[in-house]
Amino acid sequence: QVQLVESGGGLVQAGSYLRLSCAASGRPWTNYAMAWFRQAPGTEREFVAGINWNGGRTDYADSVKDRFTISRNNALNTVDLQMGNVKPEDTAVYYCAARDSRANAWKIETTAPEYEYWGQGTQVTVSS
């Protein structure tokens, strides 16, 4: 019953805005850090943005810093990724991920193996 479901992907033009959302269900997510990763064809999955359990700390890949914003609503168990000024290089499948962060509530992990749960992904395509 544990699920992370992404939505909001699509085809957009460079320079536009897009918001992705992740709905988490099946267990209490209060102590879980959340993150967004992305993977383009023929590439490794890479970290995009992360947020700790209460939203007090965030981290971003250099390639999206100052353009993307991650946020969460623990009452609704949702995690959003606001993508501003998107570029063709942002084209990828975007995945929502979660990990138990009770060992360290402030640490944002940036590698995929650290995350326990994953959504199925949502495609984002940015045209030039």
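One structure accompanies this document, and this report is about it. (Residues numbered from 1 in each chain as written. Predicted model: local features only at pLDDT ≥ 70, side-chain atom pairs only at ≥ 80, totals over all residues. Heavy atoms only, no water.)

1. Some thoughts on the packing of aromatic side chains
For the coordinates displayed, the defined rule picks out eight aromatic pairs. When the ring of Y115 is compared with that of W118, the centres are 6.3 Å apart and the planes differ by 70 degrees; the resulting orientation is edge-to-face. According to the relative accessible area criterion, Y115 is buried, its value standing at 5%. Residue classification places W118 among the partly exposed residues on the basis of a relative accessible area of 26%. Put simply, the rings of F37, F47, Y95, Y115 and W118 touch in pairs and so form one group of aromatic residues. Across the ring face of Y95, the terminal group of R45 is positioned such that the distance to the ring centre comes to 3.7 Å. We note R45 situated over the ring of W118; from NZ or CZ to the ring centre the distance is 4.9 Å. (Phe/Tyr/Trp six-rings, centres within 6.5 Å; stacked < 30°, edge-to-face > 60°. Buried < 20%, exposed > 50% of the residue type's maximum accessible area, 1.4 Å probe, protein only. Lys NZ or Arg CZ within 6 Å of the ring centre and 35° of its normal.)

2. Digging into the pattern of salt bridges
Under the defined criterion, the tally for this structure stands at six salt bridges. For R38, the salt bridge identified is with D90, shortest N-O distance 2.9 Å. Residue R38 is found in strand β4 (residues 32–39), and its partner D90 is found in the loop between β8 (78–83) and β9 (92–100); the two are separated by 52 residues along the sequence. The class of D90 is buried, set by a relative accessible area of 1%. Its salt-bridge partner being R102, residue D100 comes within 2.3 Å of it at the nearest N-O pair. Take R102: its relative accessible area is 59%, and that puts it in the exposed class. Each of R38, E46, R67 and D90 takes part in a single network of salt bridges with overlapping partners. (Salt bridge = Lys/Arg side-chain N within 4 Å of Asp/Glu carboxyl O. Helix = DSSP H or I, 4+ residues; strand = E, 2+ residues; numbered from the N terminus.)

3. Topic: the nonpolar core
Judged by nonpolar contacts, the single largest core of 28 residues is most densely connected at W36, L81, M83 and Y94. Among the secondary structure elements, those contributing two or more residues to this core are β3 (18–25), β4, β5 (46–51), β7 (68–73), β8, β9 and β11 (122–127). Apart from the residues within four sequence positions on either side, Y94 is in contact with E6, L20, W36, F37, R38, V48, F68, L81, M83, G121, T122 and V124. (Core = buried A, V, L, I, M, F, W, Y, C linked by side-chain atoms within 4.5 Å. Contact = heavy atoms within 4.5 Å.)

Nothing here speaks to function; it is geometry throughout.
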